[in-house]
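Here are the chains, one letter per residue:
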Number of protein chains: 2
Amino acid sequence: MRTRTAGKRWMALLCWAAIFTAPAARAADPLPAWNDGAAKRAITGFVARVTTPGTPDFVPLAERIATFDNDGCLWAEQPMYFQAFFIFDRIRALAPQHPEWKTQEPFASVLRGDMKGALAAGEHGLLEMAMATHAGTTTEEFDRIVTDWITTAKHPKTGKLYTEMVYQPMLELLTYLRANGFKTFIVSGGGIEFMRPWAERVYGIPPEQIVGSSIRTKFELRDGKPVLVRLPELNFIDDKEGKPVGIQQHIGRRPIAAFGNSDGDLQMLQWTTAGAGPRFALYVHHDDAAREWAYDRDSHIGKLDKGLDEAKANGWTVVSMRNDWKTIFPPSAR
Amino acid sequence: MRTRTAGKRWMALLCWAAIFTAPAARAADPLPAWNDGAAKRAITGFVARVTTPGTPDFVPLAERIATFDNDGCLWAEQPMYFQAFFIFDRIRALAPQHPEWKTQEPFASVLRGDMKGALAAGEHGLLEMAMATHAGTTTEEFDRIVTDWITTAKHPKTGKLYTEMVYQPMLELLTYLRANGFKTFIVSGGGIEFMRPWAERVYGIPPEQIVGSSIRTKFELRDGKPVLVRLPELNFIDDKEGKPVGIQQHIGRRPIAAFGNSDGDLQMLQWTTAGAGPRFALYVHHDDAAREWAYDRDSHIGKLDKGLDEAKANGWTVVSMRNDWKTIFPPSAR
């Protein structure tokens, strides 16, 4: 028995040795696209604090919830939300079935190629166009439509696929957090079913960890086959005050870290940081006109005004894209 | 170098030896509370099919989604839904603040101890009582109220805590599926915030994997502190046709296995089994009057009528609690 026990002890020791000496990569920088600076140190410092067992700030695995805005936080959002390009392409594709759109605004402007006119009616007009183009299919049909579009449509300025305009530093951050036991969620004002078809491939975030705006669906049996039909009725807008509501509805517990880039994320950051124990809030600040876009307090898209003041007042981390990020977009096609 | 490589090989070999010889429990029956029979074989056969790499029926980890009804499937539901006991206890606790309830039905019946009268208004009355007792607090306050109740209230017939009336065979099934890479979800007609405070401790299912009925909430700043206030307005009923809708909304992909016990689960089972590839649907049939309750086609709670016919027609697994389960409730207090 003694020999056997001793043998087992040796095995255990050798296993530990193998585990701790083998991966030389463990020491490598997990955030290579981030310049060394206050923002990067704030991130790695927070992760070290909440993952060190036996310390007062240690957070159990199950509670390591991190929520990310999408537009302007994980991918770009200029000159307009990428989902708006999708909506406009859908209007063009569906136009033959809707002859009335030729004279009906804002559809008529889209069909004339007048983007300024199309956006003149503001959020209300965009919502109307979203309803008209996102409803009327089953959930499976809509999934295919989004998948076809996202794998072929190109951004008018960069000529890249939209999924090539995700932020490399944020991809690394997602991976880094997950490697440290975090469950990563998207909490976006964008359409939940517009993000789900590609977010797992691009961000590593599965459909069940995506929270977004939605229209209603209805269960039906069609020739005995069950389908979910998408209705032109609003279900939920996951923006501003809606973000903490969406977080509670889907996740059911408060995140310990939240990431955004606009005033639309402010309530999510407030809700996250108001919890007990260690908390982390970060704003991506678009200040890089040369490599991306520069906009904040006066922008019609992704306005960051009140949030910037609150970030300063509360000591939240503000990332300067120009100074904190070595690269913006991933080097190779995704 | 040669010695070092040989050393590493030895280490690897010893590690494998340690892993494969240490846990003798690995070979043990993962479902000891299930009698050997068709139901148990159907479960283990399905799990073997979808988890064997290189076979046509292999299902990648990310798609191993299993959804479970709660009332009557994971825990008992007689003589009425356990949440109804909670509602009645809340009415008694809140009565001093609601003098009008003394004469207002169905509240007056509850306060007189007349349960039959209290339930006379059916689902509409129950919903009215749920609204009156589940709203008006913040989400955090409601969490504490549920936690206090669930850890102290006892079932009128068995004298057990309600969480002691979960089904031991289903607890084993949840653990077995998770050990085989499944992500387990609850999809229940019960209140989502009534289940979340205790489902992780009792079932190992975290809040973000619970889908249920809900009322609306509203984000507010109270003295600068963000809260979510629960409103007396219906948000979603997660029952019957609502179950596939709730699954799509929360999970965003179709389960490959679904478990229920009533006609309220029928659409979930239809939706699950209509997908491509291997699918599994199971009904728990309450046919054990001696150890639990016996009810199906004519029951006012957990009615199983159309579902029983569809199960036979489609070859779904029907579990006889009397014949398939060695034990019903866990042996020790939870």
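Thresholds, definitions, all that
Residues numbered from 1 in each chain as written. Chains lettered and ligands numbered in written order. Predicted model: local features only at pLDDT ≥ 70, side-chain atom pairs only at ≥ 80, totals over all residues. Heavy atoms only, no water. Pairing = 2+ DSSP bridges. Helix = DSSP H or I, 4+ residues; strand = E, 2+ residues; numbered from the N terminus. Axes fitted to C-alpha atoms, helices over the stretch in contact; angles between N-to-C directions. Contact = heavy atoms within 4.5 Å. Buried area = accessible area lost by both parts, 1.4 Å probe. Salt bridge = Lys/Arg side-chain N within 4 Å of Asp/Glu carboxyl O. Nonpolar A, V, L, I, M, F, W, Y, C, P; charged D, E, K, R; others polar.

Two modes of strand pairing occur in sheets, parallel and antiparallel, and in both the strands are linked by backbone hydrogen bonds. Residue and element names in this part refer to chain B. A sheet is described by the order of its strands in space; here 7 strands give the open sequence β4-β3-β2-β1-β5-β6-β7, paired in mixed fashion. Across the chains shown, the open sheet's two edge strands, defined by having one partner strand only, are β4 (225-236) and β7 (317-320). Each neighbouring strand pair of the sheet contributes to a mean axis angle of 30°, computed without reference to strand direction. As judged from the 4 bridges shared by strand β5 (residues 257-260) and strand β6 (residues 280-285), these two strands associate in the parallel manner. Its bridge partner being in β6, G260 is matched across the sheet by Y283.

At the interface, 43 residues of chain A touch 42 residues of chain B. For the pairing of chain A and chain B, the buried interface totals around 3,600 Å² over both sides, and the portion due to carbon and sulfur atoms is 56%. Linking chain A with chain B are 8 salt bridges. Its salt-bridge partner being K183(A), residue E208(B) comes within 2.9 Å of it at the nearest N-O pair. Counting residues per element, the ones that place at least two in the side of chain A that touches chain B are α1 (2-21), α7 (139-150), β2 (183-191), α9 (192-203), β3 (210-222), β4 (225-236), α10 (242-250) and α11 (266-273) of chain A. With 6 residues, the single largest contributor to the side of chain A that touches chain B is β3(A). Taken together, the residues that form the side of chain A that touches chain B break down as 21 nonpolar, 11 polar and 11 charged.

What follows deals with the pairing of β4(B). With 8 bridges joining them, strand β3 (residues 210-222) of chain B and β4(B) adopt antiparallel strand pairing. Bridge pairing in β4(B) places E220(B) opposite V227(B).

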